[in-house]
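What follows is each chain in one-letter form.
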Amino acid sequence: MIRFIDLTGQIYQDDEEKSFAFFDTVRDQFCEFSGCQRWDTVGEFKDDYIGDDINRFLNLIPSSFKNYEWKDIKVSIEGREIDYKPIE
């Protein structure tokens, strides 16, 4: 059985940004796709997913994650700030 795992605040306790993983209870290990075991957005997960049954995983993601409003992030490149927001 595959379980959705909410990692928000688990890696850094004061971190409010959402992150998640999937745990395979049969193999007793976290699922890994494209070398990743944790994702911050559904879009990141879709990019990394390798297989033919992505809906099995997407259906486990609660709507609170799918509809989460990601905070804007300030990124500085060569001293110039740009606005960055993850794309779903």
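In the block above lies the structure referred to throughout.
Rules of the game
Residues numbered from 1 in each chain as written. Predicted model: local features only at pLDDT ≥ 70, side-chain atom pairs only at ≥ 80, totals over all residues. Heavy atoms only, no water. Helix = DSSP H or I, 4+ residues; strand = E, 2+ residues; numbered from the N terminus. Buried < 20%, exposed > 50% of the residue type's maximum accessible area, 1.4 Å probe, protein only. Pairing = 2+ DSSP bridges. Core = buried A, V, L, I, M, F, W, Y, C linked by side-chain atoms within 4.5 Å. Contact = heavy atoms within 4.5 Å. Polar contact = N/O pair within 3.5 Å; in protein donor to acceptor, adjacent residues only side chain to side chain. Salt bridge = Lys/Arg side-chain N within 4 Å of Asp/Glu carboxyl O.

Draft legend 1. Here's a closer look at the overall build of the chain. Looking only at helices and strands, the chain features three helices and five strands. A total of 88 residues make up the chain; the buried ones form 31% of that total.

Draft legend 2. Broad picture of the sheet that holds strand E3 (residues 29-30). Pairing is antiparallel in the open sheet, where three strands are placed in the order E1-E2-E3. Two strands in the sheet have a free side with no partner beyond their single neighbour: strand E1 (2-6) and E3. Two elements, E1 and strand E2 (residues 20-24), share five bridges in a ladder whose sense is antiparallel. Opposite Phe4, over in E2, you have Phe22 as the bridge partner.

Draft legend 3. Highlighting the nonpolar core. Residues Phe20, Phe22, Phe33, Phe45, Phe57 and Ile61 are the most contacted members of the largest nonpolar core, which totals 14 residues. At the level of secondary structure, the elements contributing two or more residues to this core comprise E1, E2, helix H1 (42-48) and helix H2 (54-58). Leave out the neighbours within four places in its chain, and Phe22 touches Ile2, Arg3, Phe4, Phe30, Cys31, Trp39, Phe45, Phe57, Leu60 and Ile61.

Draft legend 4. Structural context of the side chain of Thr41. Summarising the element assignment, Thr41 is placed in the loop between E3 and H1. Looking at Thr41, the relative accessible area reads 2%, which means it is buried. A distance of 2.9 Å separates the side chain of Thr41 from the backbone nitrogen of Glu44, its partner in a polar contact.

Draft legend 5. The pattern of salt bridges, seen in detail. Taken as a whole, this structure holds two salt bridges when the rule is applied. For the salt bridge of Asp24 with Arg27, the shortest nitrogen-to-oxygen distance reads 2.8 Å. Residue Asp24 is classed as buried on the basis of its relative accessible area, which comes to 9%. Across the salt bridge formed by Asp40 and Arg38, the nearest N and O atoms sit 2.5 Å from each other.

Draft legend 6. The environment of Ile50, seen in detail. Positionally, Ile50 belongs in the loop between H1 and H2. Sequence spacing of Ile50 and Ser34 is 16 residues, and the spatial spacing of their C-alpha atoms is 7.1 Å. Beyond its immediate chain neighbours, meaning those up to four positions away, Ile50 contacts Phe33 and Ser34.

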